[in-house]
Amino acid sequence: MDQLTITVRIAEREYKLTVARDEEETVRKAVKLIEKRFTEYAKSYAFKDRQDLLSMIVLHYTIEAIKMEDKEAFYQTDLLPKLNEINRLID
């Protein structure tokens, strides 16, 4: 797989990453979302240091990931079998 080294900036700190070329856009999009959330939280909340804001960002995106996992589980265990049953009955 073709890889490249990129530098990203998160919370005023630079990180060198080696990523697959086809994942570069996704990584840069993720960094942009983190930076946007960082700026929003910095304007909205009192904080001692960047770690406080980064912790809140991690919490936010972890909650979103859990919600997506729950939706996927519902789809796989509840919705998909019912849709298959409906299709079977129609056929």
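Our subject is the structure listed above.
Computed from a predicted structure; not experimentally measured.

Calculation criteria
- Residue indices begin from 1 for each chain and proceed along its sequence in written order.
- The model is predicted, so local features are restricted to residues of pLDDT at least 70 and side-chain atom pairs to those at 80 or more, both for listing and for counting; the totals for chains, interfaces and linings are taken over all residues.
- Side-chain measures here rest on the full set of heavy atoms in the structure, leaving out hydrogens and waters.
- Under the scheme used here, helices are H or I runs from DSSP no shorter than 4 residues and strands are E runs no shorter than 2 residues, and both carry numbers assigned from the N terminus.
- Contacts between residues were defined by any pair of non-hydrogen atoms, one from each residue, lying within 4.5 Å.
- Any carboxyl oxygen of Asp or Glu within 4 Å of a side-chain nitrogen of Lys or Arg constitutes a salt bridge here.
- Relative accessibility thresholds used throughout: buried, under 20% of the residue-type maximum; exposed, over 50%; partly exposed, between the two (1.4 Å probe, protein chains only).
- What qualifies as a polar contact is a pair of N or O atoms within 3.5 Å, subject to a donor-acceptor requirement within protein and to the restriction that residues adjacent in sequence count only when both atoms come from side chains.
- Only buried Ala, Val, Leu, Ile, Met, Phe, Trp, Tyr and Cys residues count toward a nonpolar core, and they belong to the same one when joined by side-chain atoms within 4.5 Å.
- A pair of strands is treated as paired once DSSP finds two or more bridges between them.
- Every helix has an expected span of 1.5 Å times one less than the residues it contains.
- By arc we mean the arc of the directions from the helix axis to the C-beta atoms, nothing more.

Q: Any details on the environment of Leu-54? Residues and values, ideally.
A: Looking at where Leu-54 falls in the secondary structure, it is placed in helix H2 (residues 50-90). Setting aside its immediate chain neighbours within four residues, Leu-54 contacts Ile-10, Ala-11 and Phe-38.

Q: Please set out the pattern of salt bridges residue by residue, giving values where relevant.
A: For the coordinates displayed, the defined rule picks out seven salt bridges. Between Glu-24 and Arg-28 there is a salt bridge; the shortest N-O distance is 2.9 Å. Separated by four residues within a single helix, Glu-24 and Arg-28 lie in helix H1 (residues 24-44), roughly one turn from each other. On the basis of relative accessibility, which here comes to 21%, the residue Glu-24 falls in the partly exposed class. For Lys-67, the salt bridge identified is with Glu-64, shortest N-O distance 3.8 Å. In this pair, Lys-67 and Glu-64 are both assigned in helix H2, three residues apart and thus about one turn of the helix distant. With relative accessibility at 45%, the residue Lys-67 sits in the partly exposed group. Glu-64 sits in the partly exposed class, given a relative accessible area of 34%.

Q: Tell me about the environment of Thr-62, and please be specific about residues and values.
A: Summarising the element assignment, Thr-62 is placed in helix H2. By relative accessible area, which is 38% here, Thr-62 ends up partly exposed. As for Thr-62 and Leu-79, which are separated by 17 residues in sequence, their C-alpha atoms are 24 Å apart. Here Val-58 takes part through its backbone oxygen, which lies 2.7 Å from a polar atom of the side chain of Thr-62.

Q: Summarise the nonpolar core; cite the residues concerned and give the values.
A: The biggest cluster of nonpolar side chains holds 11 residues, and these are Leu-4, Ile-6, Val-8, Ile-10, Ala-11, Val-19, Val-31, Phe-38, Tyr-41, Leu-53 and Ile-57. Those elements that place two or more of their residues in this core are strand E1 (3-10), H1 and H2. The leading source of residues in this core is E1, at four residues. Sequence-distant contacts of Val-8, that is, excluding residues within four places in its chain, are made with Arg-13, Glu-14, Tyr-15, Leu-17, Arg-28 and Val-31.

Q: Kindly report on the pairing of E1, identifying the contributing residues and their values.
A: Burial along E1 is one-sided: the residues Leu-4, Ile-6, Val-8 and Ile-10 are buried and none of Gln-3, Thr-5, Thr-7 and Arg-9 is. The sheet contact formed by E1 and strand E2 (residues 13-20) spans eight bridges and is antiparallel. If you follow Thr-5 over to E2, its bridge partner there is Thr-18.

Q: Give a detailed account of H1, specifying residues and quantitative values.
A: If you check H1, its first and last C-alpha atoms are 30 Å apart, about what 21 residues at 1.5 Å a residue would give, namely 30 Å. Restricting attention to buried positions, one finds in H1 the residues Val-31, Phe-38 and Tyr-41. For H1, the buried positions fall inside an angular range of 95 degrees around the axis, keeping them on one side. What points out from H1, more than 90 degrees from its buried face, is the exposed set Glu-25, Thr-26, Lys-29, Lys-32, Lys-36, Lys-43 and Ser-44.

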